[in-house]
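Architecture and fold: a report
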Amino acid sequence: MVAAAQPLWADSADSSSNPTQAIFLSVNGEVKVIPVNGKKTIDAEKDMVVKEGARIIARNSSSAVLQMFDGSELTVSPKTEFVLTKLQKPSDEDKILKFDLFIGKISAAVKALTTSKSSFEIEAGGVICAVRGTHYWMECDPQTKKVFLNVDEGKVLVQQNGHTAELVRAGEHRVFNNLHMTAPKGTSLKNLSTDVGSAPVTSGSSSPLDNPALKSMVKNSQTVNQTNKTNLVKTIQQNSVVGLHVGSGETAP
């Protein structure tokens with residue numbers, strides 16, 4: 001039998017010659033895609049394929065799930081905008097995935113990286129988190145210049161410019177403030193906040209950035225994790241940072 005339907009393509013491509021792509025597993029509400037090379041904005045739909053460089057915008061009360069070529073998944077919360085910065089497969093075993101989060105929240109379920117040259121990174125406001133096989137999410141608010149990191153499973157290693165690397169384990173979270181925020185090319189932060197919205201909220205729950213107690217901690221430039229008091233009063237520098245890869249059974253330098 002012949003397949004009843006073919007995927008919708010945000011960019012014209014042949015899946016056999018361009019394996020490094022992502023596909024929408026689900027789309028709820030108004031989710032927009034701005035393909036690479038300045039093509040006009042189109043509506044995202046289930047089974048739509050998008051390529052490296054595509055910009056994803058989830059409007060108010062909208063969400064989506066994207067599956068990468070390696071099986072990793074990104075859950076996109078309402079009021080979120082980010083770019084598929086790198087979707088690359090340099091060799092049969094190596095893979096490089098990177099996403100630039102401008103506003104809102106994305107959750108990552110990452111397939112294990114099996115080689116030292118492989119990486120999975122999310123960057124927001126100069127904070128880069130790199131992992132091996134884990135579940136975590138990052139939330140970015142450009143209006144308050146804050147980034148919130150929460151690790152559900154596995155480990156994430158965050159390195160701040162001028163500081164030693166910090167390992168964030170499952171059940172732990174961090175808040176980074178006073179960050180240097182960037183907007184997508186051709187869009188100002190003001191337009192980004194107006195267009196997509198601020199203070200992203202996950203469906204059915206409030207944003208951790210709206211927590212009054214957490215706001216008080218952030219105001220004093222403190223991290224949320226009380227078990228590591230030596231890291232209190234640390235703030236992210238405005239320059240970009242480098243994320244290191246730490247997986248199960250590995251240790252950070």
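Source: prediction; values computed, not measured.

Definitions and limits used
- Residues numbered from 1 in each chain as written.
- Predicted model: local features only at pLDDT ≥ 70, side-chain atom pairs only at ≥ 80, totals over all residues.
- Heavy atoms only, no water.
- Helix = DSSP H or I, 4+ residues; strand = E, 2+ residues; numbered from the N terminus.
- Buried < 20%, exposed > 50% of the residue type's maximum accessible area, 1.4 Å probe, protein only.
- Contact = heavy atoms within 4.5 Å.
- Phe/Tyr/Trp six-rings, centres within 6.5 Å; stacked < 30°, edge-to-face > 60°.
- Core = buried A, V, L, I, M, F, W, Y, C linked by side-chain atoms within 4.5 Å.
- pLDDT = per-residue confidence, 0-100.
- Salt bridge = Lys/Arg side-chain N within 4 Å of Asp/Glu carboxyl O.
- 1 Å grid on protein atoms, 1.4 Å probe; cavity = no way out; pocket = protein on both sides within 12 Å on 5 of 7 lines; lining within 4 Å.
- Points joined across faces, edges and corners; volume = space filled by probe spheres on them.
- Nonpolar A, V, L, I, M, F, W, Y, C, P; charged D, E, K, R; others polar.
- Pairing = 2+ DSSP bridges.

1. What about the overall build of the protein?
Within the protein, the regular secondary structure consists of two helices and 16 strands. Looking at the protein as a whole, 47% of its 253 residues are labelled buried. By sequence separation, contacts in the protein at least 24 residues apart represent 56% of the contacts at least 6 residues apart.

2. Remarks on the packing of aromatic side chains
Aromatic ring pairs are described here by two measures, namely the spacing of the ring centres and the angle between the planes. In this structure the tally under the stated criterion is two aromatic pairs. Their ring planes at 55° and their centres at 5.3 Å tell us that Phe99 and Phe120 sit as a pair that is tilted. Remark: Phe120 occurs in strand β10 (residues 119-124) and Phe99 occurs in strand β9 (residues 96-109); sequence separation between them is 21 residues. For the pair Trp137 and Phe148, a centre-to-centre distance of 5.3 Å together with 20° between the ring planes defines the contact as stacked. Of this pair, Trp137 sits in strand β12 (residues 135-141) while Phe148 sits in strand β13 (residues 146-153); the two residues are eleven residues apart in sequence, bridging distant segments of the chain. There is no split in this pair, since Trp137 and Phe148 are both buried.

3. Side note on the nonpolar core
If you look at the biggest cluster of nonpolar residues, it comprises 43 residues, and the most contacted ones within it are Phe120 and Tyr136. Per-element tally for this core: the top contributor is β9, with five residues. Contacts of Phe120, omitting those with residues within four sequence positions, involve Ser72, Leu74, Leu97, Phe99, Ala108, Val110, Leu113, Cys129, Ala130, Val131 and Tyr136.

4. Here's the deal with the confidence of the model for the protein
Taken over all residues, the pLDDT of the protein has a mean of 74, while the share at 70 or more is 64%. Note that pLDDT drops below 50 for residues 11-18; the model gives that stretch twelve contacts with residues more than four away or on any other chain. In this model residues 197-209 is a low-confidence stretch, pLDDT under 50, and it forms 35 contacts with partners more than four residues away in sequence or in other chains.

5. Observations regarding the pattern of salt bridges
One pass over the structure, following the stated rule, counts nine salt bridges. Among the salt bridges present, the one from Glu30 reaches Arg59, with a minimum N-O distance of 3.9 Å. Of the two residues, Glu30 is situated in the loop between β1 (21-28) and β2 (31-34) and Arg59 in the loop between β5 (55-58) and β6 (63-68); the sequence distance between them amounts to 29 residues. Residue classification places Arg59 among the buried positions, given a relative accessible area of 16%. Note that Arg174 and Glu166 form a salt bridge whose closest N and O atoms lie 2.4 Å from each other. One exposure class covers both Arg174 and Glu166, and it is buried. Beyond isolated ion pairs, a larger network of salt bridges with shared partners links Glu30, Lys32, Asp43 and Arg59.

6. What about the layout of surface pockets?
Within this model, the largest pocket holds a volume of roughly 210 Å³. Taken together, the residues that form the lining of the largest pocket break down as seven nonpolar, two polar and two charged.

7. Describing the pairing of β5
Residues Arg55 and Ile57 of β5 are buried on one face, and the alternating residues Ile56 and Ala58, pointing to the opposite face, are buried as well. Here β2 runs beside β5; their pairing, made up of four bridges, is antiparallel. Its bridge partner being in β5, Val33 is matched across the sheet by Ile56. Both β5 and strand β8 (residues 80-88) contribute to a ladder of four bridges, which runs antiparallel.

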